[in-house]
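Architecture at a glance
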Amino acid sequence: MTTTTRAAATPPRTRAPRGAARRFGLARHSLALAGRSLIKTLRTPEQLLDVTLQPIIFVLIFVYLLGGAISGSQHAYLEFLLPAIMVQTVLFASIATGVSLNTDVEKGVFDRFRSLPIARSAPLVGSVVGDLVRFVVSIVVLFAFGYAIGFRIGTDPLSTLAACLLTIAFAFAVSWIGVLLGVVMRSPGAVQGTAFLVLFPLTFGTNMMVPTDTLPGWLQWWVGINPVADVMEAARGLIIGGPVAGPVTRSLLWTVAIIAVFAPLAVRAYRRRA
Amino acid sequence: MVGAMTYAFEAEGLVKRFGTTTALAGIDLAARRGTVLGVLGPNGAGKTTAVRILATLLRPDAGRATVGGHDVVADAAEVRRLIGLTGQYASVDEDLTGTQNLVLIGRLLDLSRRDARARAAELLAWFDLTEAAGRPAKTYSGGMRRRLDLAASLVGRPEVIYLDEPTTGLDPAKREEMWGVVRSLVDDGSTVLLTTQYLDEADALADEISVIDHGRVIAHGTPGELKRIAGSQTIVVRPTEPDRIGEVAEILRASTGAEPELPRPGLLTVPVEGDAPFTAVVRRLDDAGIGVVELALRLPSLDEVFFTLTGHGADEPTEVAA
C-alpha cells in the first residue's frame, strides 16, 4: 500500500526559493489572513444573516413605528434616519470581529500563526480587514431597502460613497475595541455582551432618531462628546446635505485616535496571552 | 561553543510555572542535527510545555533554549524561520480546504502565489491527500487531519520539526504510517523532537530518549540504555485450554530458567533477557501441541519504566500543563 512507498520516499524538498525577505510583510501577511476570514465567511453565508436583516429591521421599526410621531412624515423621517442607521448597523456588524477572534485564538490554528515568522499583529489585522465584507453587505442591503421604500440621496453618489468609506473606516477603528475584548475575555458570549453594552450608549446616545435640541441638557452634553454622533452627523451631511467639514474632521480624528489607543493594547494583550 | 555547531536545539534548566503549578522544574533537552529526540512521559509531565517554549509560543520563567544557535526568547523571529510545529490537536483551519490551508501557510512564509500553490500540491500528493485537496478540512478523518497538519508544518522546509504526540488517538495502521513519515523526514536531514506516551514509539523512532516526569528529566539515553534501566522484556502466554496452564509454566521454566508468574487466571508471564528464550518457548509449545490465544515478547511498558525510575506508575495523573 501507500504506507510502504511513503516510508521509502523522502518528503519533497525541491529547493524552491523560500521567498527572499520581501517588503511590506505586515500588509501582505494581513491580507493573506484577511483572505482566510473571507473564505470562512463565504463558506458559511448564514454568518451574514445579521448584517442582512438588521438594517431592514431597524428601518422598519424606526420609520414606521416612530416616524409618524417624531417628524409627522414618514418620508421626511426616512431621509433623516437612514444615514445614521447606516453608521449604527456597520458598528453593530463590527462586533463580530472580536467575537470570532475570541473563538479563533483558542484554536490550534492560531498557534500555527504564532509559530510562523510573521508579525504578531498580522492575524489581528487580518481579522479586522476580513470583516470588510460584512460592512459592505450591510450598507448595500440598507441602501437597497431604503431605495425600495422611497429614500433618495440628496447630494451626489461621490459624497455618498465618501460617507460609506468614512463609516467603514470608523468601524475598523471600533473593531479594535472588539479585538481587545476578544483577546482578553474568556468566552465569545462575554465579548458580545460587553461589546453591546459599549455600543448601545454610543449609537443610541446620538441624534440618530431625534434632533439634539429636543434632548435634556445632560444628554445634549453626551451627544456633544460622543464620536458616533460626529460620524452620523458627517454621514448625514454627505448623503442628504448639511454641514460636512466639521463632523468629517472630527470623525477622522476619532478614527485615528481609537486605532492609536486600542490597536497597540490589543496586540500587547495578544502577545501576553501565549 | 561546540553546542551551537552540533546541536539543532538545546534547552538548559527550563522552568515554567502556571500560577502555583510547576509545569517544568528545570529540564535540559538537546538533539544533534539530523537525529530524533524522543521525549517520553505521561500526561501532564510537561512535554507540551517544553515544546511550546522551544516553538517560541511560551516564555520560560528561567533557563534558556536555543534553536540553530538562536535564543528562543531574544531571537524568536529567527527561530520561527527554522521550525515546524505539529500540535497534539490538529492545528488546521477546518473551514478551509486542504489546498487553501497549505497555500495560506506558504503565503505567510513569503512564497509567491505560484510557489505556494506548487508546494501545497506537492505536499498534498506526498501525504495522499490530493483527492481531498478541494474539500474543507472539517470533512477529513482524524488521520487525514493529522497528515494535513503535518504537511502544514513542512511547507517552509523547516530544519527542526516538533511533533507533539503525533500518533495519540490514531489506530495502529495510521500510527505505522506516521512513523514512516518521521523516518523519511530524518532521512532528509531534518531534526525531530517527538513527544510520546508510548515507549515502543520512542523505541522505534528516537536516537535518544529523555524521560520526563513532573517537569524533570528523570532519565536520558539511547533506547537500548533505557530498556536496560527498565529491566528485561517479558514473555506473555495465554493457552487456549486453561487447564494446560501447568504444562505451559513448566515449558517457560525450562526455557528461561526463571519462575513464571500468574498475574491473571489463564495468563502466564516470565521475564527474559534477550529474545533467544522466546524462540525456544514457541518451539516447545508447538512440540507439546499447546494452542495459544496470546503469545508475545513484550518490551517493558512506560509504566514499568516509570515504576523502575520513580517508584510510581505513569498513570498517576500529574497536573495538566498548558
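Residues numbered from 1 in each chain as written. Chains lettered and ligands numbered in written order. Predicted model: local features only at pLDDT ≥ 70, side-chain atom pairs only at ≥ 80, totals over all residues.

**Let's talk about the overall build of chain A**
Regarding its fold elements, chain A presents twelve helices and zero strands. Dimensions of chain A along its principal axes, counting C-alpha atoms only, are 80 × 35 × 35 Å. Taken across its 274 residues, chain A has 41% of its residues classed as buried. Within chain A, residue pairs in contact and separated by at least 24 positions form 80% of the contacts whose partners lie at least 6 positions apart. (Helix = DSSP H or I, 4+ residues; strand = E, 2+ residues; numbered from the N terminus. Buried ≥ 20, exposed ≤ 12 C-beta atoms within 10 Å, placed from the backbone. Contact = placed C-beta atoms within 7 Å.)

**What about the overall build of chain B?**
Regarding its fold elements, chain B presents twelve helices and 14 strands. Along the longest, intermediate and shortest principal axes, the C-alpha atoms of chain B span 70 × 45 × 35 Å. Of all 322 residues assigned to chain B, the portion counted as buried reaches 45%. A fraction of 67% describes how many contacts in chain B between residues 6 or more apart in sequence connect residues 24 or more apart.

**Overview of the confidence of the model for chain B**
Residues and elements named next belong to chain B. Of all residues in chain B, 92% attain a pLDDT of 70 or more, and the chain-wide mean is 86. Confidence drops under a pLDDT of 50 for residues 317-322, and excluding neighbours within four residues, the segment shows 17 contacts in the predicted structure. Our summary of model confidence lists the complex with pTM equal to 0.78 and ipTM equal to 0.80. (pLDDT = per-residue confidence, 0-100.)

**A look at the sheet that holds strand S14 (residues 292-298) of chain B**
All names here are of chain B. Taken in spatial order, the four strands of this open sheet run S12-S13-S11-S14, and their pairing is antiparallel. Strands with a single pairing partner mark the edges of an open sheet, and in this sheet they are strand S12 (261-264) and S14. Recorded for the sheet is a direction-independent mean angle of 25 degrees between the axes of neighbouring strands. In the sheet, S12 pairs with strand S13 (residues 267-272) via two bridges, with the strands oriented antiparallel. (Pairing = 2+ DSSP bridges. Axes fitted to C-alpha atoms, helices over the stretch in contact; angles between N-to-C directions.)

**So, the pairing of strand S2 (residues 21-32) of chain B**
Residue and element names in this part refer to chain B. Bridge count for strand S1 (residues 7-18) against S2 is nine bridges, and the pairing is antiparallel. Opposite Val15, over in S2, you have Ala25 as the bridge partner. Counted between consecutive antiparallel strands, the loop separating S1 from S2 contains two residues, among which Gly19 sits at a positive phi close to 60 degrees.

**Observations concerning the nonpolar core**
Ranked by size, the top nonpolar core spans 142 residues in total, and within it Ala235 of chain A together with Phe9, Ala50, Leu54 and Leu193 of chain B carry the most contacts. The biggest single contributor to this core is helix H4 (residues 74-105) of chain A, with 17 residues. (Core = buried A, V, L, I, M, F, W, Y, C linked by C-beta atoms within 7 Å.)

**Focus on the environment of Leu33 of chain A**
Residue and element names in this part refer to chain A. Tracing the backbone through its elements, the reader meets Leu33 in helix H2 (residues 25-43). C-beta crowding within 10 Å serves as the criterion here: with 24 such atoms nearby, Leu33 is assigned to the buried category. Here the alpha-carbon distance between Leu33 and Phe204, two residues 171 residues apart in the chain, equals 33 Å. What Leu33 contacts, discounting residues up to four positions off in sequence, is Ala122, Pro123 and Gly126.

**Digging into the sheet that holds strand S8 (residues 191-196) of chain B**
Residues and elements named next belong to chain B. Here six strands make up an open sheet; going across it, the order is S6-S7-S8-S3-S9-S10 and the pairing mixed. This sheet does not close on itself; its edge strands, each paired only once, are strand S6 (83-86) and strand S10 (216-221). Each strand axis lies, on average, 15 degrees off the axis of its neighbour in the sheet, ignoring direction. In the sheet, strand S9 (residues 208-213) pairs with S10 via five bridges, with the strands oriented antiparallel. Each residue of the ladder has a partner; that of Asp213, found in S10, is Arg216. Lying on the sheet, helix H7 (residues 172-187) is in contact with strand S3 (36-40), strand S7 (160-164) and S8; it crosses S8 at an angle near 155 degrees.

**Re the environment of Leu142 of chain A**
Residue and element names in this part refer to chain A. Relative to the helices and strands, Leu142 is located in helix H7 (residues 132-148). It is 32 Å that separates the C-alpha atoms of Leu142 and Val105, two residues lying 37 residues apart in sequence. Residues in contact with Leu142, not counting those within four places in the same chain, are Pro55, Ile85, Met86 and Thr89.

**Topic: the domain arrangement of chain B**
Taken domain by domain, chain B holds domain 1 (2-228) and domain 2 (232-299). The distance between the C-alpha centroids of domain 1 of chain B and domain 2 of chain B comes to 40 Å. (Domains from an automatic or database assignment.)

**A short note on unusual backbone geometry**
All names here are of chain B. In this model, Asp110 sits at a positive phi of 70 degrees, which is unusual for a non-glycine residue. Checked against the element boundaries, Asp110 lands in the loop between helix H4 (98-108) and helix H5 (113-126). In this model, Asp128 sits at a positive phi of 60 degrees, which is unusual for a non-glycine residue. One can find Asp128 in the loop between H5 and helix H6 (142-154).

**Side note on helix H10 (residues 245-256) of chain B**
All names here are of chain B. With twelve residues, H10 should reach 16 Å at 1.5 Å per residue; the first-to-last C-alpha distance of 16 Å fits that figure. Those residues of H10 that fall on the buried side of the exposure criterion are Val248, Ile251, Leu252, Ser255 and Thr256. Down the axis of H10, the smallest arc covering the buried residues is 105 degrees, so these residues share one side. Of the residues in H10, the exposed ones pointing more than 90 degrees away from the buried face are Gly246 and Ala254. (Expected span 1.5 Å × (residues − 1). Arc of directions from axis to C-beta.)

**With respect to the packing of helix H8 (residues 157-184) of chain A against helix H9 (residues 188-204) of chain A**
Residue and element names in this part refer to chain A. Where H8 contacts H9, the axes come no closer than 10 Å and their chain directions differ by 145 degrees. Where H8 crosses over H9, the handedness of that crossing is right-handed. Taking contact as the criterion, the partners of Ile177, Gly178, Leu181 and Gly182 in H8 are, on H9, Val191, Thr194, Ala195 and Val198. Of the residues belonging to the contact of H8 with H9, the class tally is five nonpolar, three polar and no charged. (Left-handed = near helix turned anticlockwise from the far one by under 90°. Nonpolar A, V, L, I, M, F, W, Y, C, P; charged D, E, K, R; others polar.)

**Looking at the packing of H4 of chain B against H6 of chain B**
Residues and elements named next belong to chain B. Between H4 and H6, the shortest axis-to-axis distance is 9 Å and the interhelical angle comes to 20 degrees. In terms of orientation, H4 and H6 fall into the roughly parallel class. As H4 runs across H6, the sense of the crossing is right-handed. Together, Gly98, Asn101, Leu102 and Ile105 of H4 and Leu148, Ala151 and Ala152 of H6 make up the contact between the two elements. For the contact of H4 with H6, the residue count by class is five nonpolar, two polar and no charged. (Parallel < 35°, antiparallel > 145°, perpendicular 65-115°, else oblique.)

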